[in-house]
Amino acid sequence: GGYGALDIYSAREDEWGIWHIEHLDAPINSNADDFGMTFKRNTKEQQEGWFSSNRNSPKGYDNIYSFVLPSINVKISGYVLTQKEIQYKRQLLEL
């Protein structure tokens, strides 16, 4: 399910070789036709590129839009406990 007749999706392969498809929400997709995404050389911190769309075009002409996807930093804090609820002093938790 998308917004317009043509929408842009993301496909990522996990460590088991299974592909996960995700519909990209606004502002990448709109109620118009959005398609033809291409990326510049990207880093883990930032992704940028271009895509085509006929959004904001009364006559339906396709235009090229640029984008920069912001990096997302998540900070998690808490405690690591054993089954007996004994707190570990210093633990590194990888997600």
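Everything here concerns the structure above.
What comes next is a walk through the structure. (Residues numbered from 1 in each chain as written. Predicted model: local features only at pLDDT ≥ 70, side-chain atom pairs only at ≥ 80, totals over all residues. Heavy atoms only, no water.)

### Observations concerning the environment of Trp19
No. 1: Here Trp19 shows up in strand E2 (residues 19–23).
No. 2: The contact partners of Trp19, leaving out residues within four places of it in the chain, are Ala11, Arg12 and Glu13. (Helix = DSSP H or I, 4+ residues; strand = E, 2+ residues; numbered from the N terminus. Contact = heavy atoms within 4.5 Å.)

### As for the sheet that holds strand E4 (residues 47–53)
No. 1: Reading across from one edge, E3-E4-E5 is the order of the 3 strands in this open sheet, with antiparallel pairing throughout. Single-partner strands in this sheet number two, and they are strand E3 (34–39) and strand E5 (63–69). For this sheet the average axis-to-axis angle between neighbouring strands, irrespective of direction, equals 25 degrees.
No. 2: Pairing between E4 and E5: 7 bridges, direction antiparallel. If you follow Trp50 over to E5, its bridge partner there is Ser66. (Pairing = 2+ DSSP bridges. Axes fitted to C-alpha atoms, helices over the stretch in contact; angles between N-to-C directions.)

### Concerning the pairing of E4
No. 1: Strand direction decides the pairing type here: E3 and E4, joined by 4 bridges, are antiparallel. Following the sheet pairing, Phe35 is matched in E4 by Ser52.

### Here we look at the packing of aromatic side chains
No. 1: Under the criterion given, the structure shown has 3 aromatic pairs.
No. 2: With centroids separated by 5.7 Å and ring planes inclined at 20 degrees, the aromatic side chains of Phe51 and Tyr65 adopt a geometry described as stacked. In this pair, Phe51 sits in strand E4 while Tyr65 sits in strand E5, placing the two residues 14 residues apart along the sequence.
No. 3: Judged by centre distance (6.1 Å) and plane angle (40 degrees), the ring pair of Phe51 and Phe67 falls under tilted. With Phe51 in strand E4 and Phe67 in strand E5, this pair connects stretches of sequence that are 16 residues apart.
No. 4: On the accessibility criterion, Phe51 (4% relative accessible area) is buried.
No. 5: Its relative accessible area of 8% is what places Phe67 among the buried residues.
No. 6: The structure contains a cluster of three or more aromatic residues connected by ring pairs, namely Phe39, Phe51, Tyr65 and Phe67.
No. 7: In this arrangement the basic side chain of Arg55 is found over the ring face of Tyr65, its NZ or CZ atom lying 5.4 Å from the centre. (Phe/Tyr/Trp six-rings, centres within 6.5 Å; stacked < 30°, edge-to-face > 60°. Buried < 20%, exposed > 50% of the residue type's maximum accessible area, 1.4 Å probe, protein only. Lys NZ or Arg CZ within 6 Å of the ring centre and 35° of its normal.)

Just distances and angles here, no functional claims.
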